[in-house]
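Each chain is listed here by its residues.
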Amino acid sequence: MSKEAFERSAAPGGVHHRLAAMAGNWEGRFRLWFEPGKPADESVQRGTIRLVGRGRFLLHEYEGRCSGEPFEGVALLGYHLDEDAFECAWSESFGTGTSIMFSTGRVEDRRFGAQGSYGAGADGEHWGWRTEVSQPDAEHLDIRMFNITPGGEEALAVEVNYRRVPTSSYASS
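Below: a short report on this structure. Small disclaimer: the values here were computed from a predicted structure and weren't measured.

A word on unusual backbone geometry
Phase 1: Phi at arginine 54 is positive, roughly 55 degrees, even though this residue is not glycine.
Phase 2: Along the chain, arginine 54 falls in the loop between strand S2 (38–52) and strand S3 (57–66).
Phase 3: A positive phi is found at aspartate 84, a non-glycine position, where the angle reads about 55 degrees.
Phase 4: Along the chain, the position of aspartate 84 falls in the loop between strand S4 (69–80) and strand S5 (85–92).
Phase 5: The class of aspartate 84 is partly exposed, set by a relative accessible area of 43%.

Some remarks on the pattern of salt bridges
Phase 1: One pass over the structure, following the stated rule, counts ten salt bridges.
Phase 2: Ionic pairing is found between lysine 38 and glutamate 35, a salt bridge with its closest N-O pair at 3.4 Å.
Phase 3: The class of glutamate 35 is partly exposed, set by a relative accessible area of 44%.
Phase 4: Arginine 144 is the salt-bridge partner of glutamate 159, the closest N and O atoms lying 3.0 Å from each other. Taken together, the residues span a long stretch of sequence, with glutamate 159 in strand S11 (residues 154–165) and arginine 144 in strand S10 (residues 140–148) at a distance of 15 residues.
Phase 5: On the basis of relative accessible area, glutamate 159 is assigned to the buried category, the value being 7%.
Phase 6: When salt bridges with common partners are traced through the structure, they connect Arg111, Arg130, Glu132 and Glu154 into a single cluster.

Describing the side chain of glutamate 92
Phase 1: You can see glutamate 92 is positioned in strand S5.
Phase 2: No salt bridge is formed by the buried glutamate 92; its nearest oppositely charged neighbour, arginine 65, is found at 14 Å.

Some points on the environment of serine 67
Phase 1: Take serine 67: it is sitting in the loop between S3 and S4.
Phase 2: Overall, serine 67 belongs to the exposed group, its relative accessible area being 57%.
Phase 3: Between the C-alpha atom of serine 67 and that of alanine 40, which follows or precedes it by 27 residues, the distance is 8.5 Å.

Some thoughts on helix H1 (residues 3–10)
Phase 1: Ala5, Phe6 and Ser9 are the residues of H1 that are buried. In a view along the axis of H1, the buried residues occupy a sector of 95 degrees, so they form one face of it. Of the exposed residues in H1, the ones pointing more than 90 degrees away from its buried face are Lys3 and Arg8.
Phase 2: Elements that come into contact with the buried residues of H1 comprise helix H2 (15–20).

Brief notes about the packing of aromatic side chains
Phase 1: Per the stated rule, a full pass over the model turns up seven aromatic pairs.
Phase 2: Consider the rings of phenylalanine 30 and phenylalanine 71, whose centres lie 5.2 Å apart with planes at 50 degrees: the pair is tilted. Note that phenylalanine 30 is positioned in strand S1 (residues 24–35) and phenylalanine 71 in strand S4, a separation of 41 residues in sequence.
Phase 3: Ring geometry for phenylalanine 86 versus phenylalanine 112: centroids 5.1 Å apart, planes at 45 degrees, classification tilted.

Each value, and the rule that gives it
Residues numbered from 1 in each chain as written. Predicted model: local features only at pLDDT ≥ 70, side-chain atom pairs only at ≥ 80, totals over all residues. Heavy atoms only, no water. Helix = DSSP H or I, 4+ residues; strand = E, 2+ residues; numbered from the N terminus. Buried < 20%, exposed > 50% of the residue type's maximum accessible area, 1.4 Å probe, protein only. Salt bridge = Lys/Arg side-chain N within 4 Å of Asp/Glu carboxyl O. Lys, Arg positive; Asp, Glu negative; His and termini not counted. Arc of directions from axis to C-beta. Contact = heavy atoms within 4.5 Å. Phe/Tyr/Trp six-rings, centres within 6.5 Å; stacked < 30°, edge-to-face > 60°.

This is the structure in structure tokens:
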């Protein structure tokens, strides 16, 4: 990737410019489903997204509660210009156990999407996991994650609906 290619992508209207718009402090509703159509939990999630790597990547650090227990996570998000692909490395104290999930995908309808997979133990089948990140406006950010069975059936598993909060509000929470 050339320096010029990144500069074009970081200019208004470019993919990296759109990623940079996601930087900030966020708070919103976390919802979880273990079975399609049957919400299992709902709580508040707080997150900070900041630019790293001289604006090439986003680092999303977040925390919340699930079934009353605290969890925290981190995701490194970026857009690989040479591959024309969104990339993500994600891990948290609840959903990924001790693994790091790597995902790649495309940008469709102004949504960043990536798909990875996880195993069900040493002898278990791999399931897919698809993540969509969209920013309908400057003050809102939505993250949706879908479980994909080994047979290819997809169901919503996690949804986070963030709203931007001022730095002073986030620090005092």
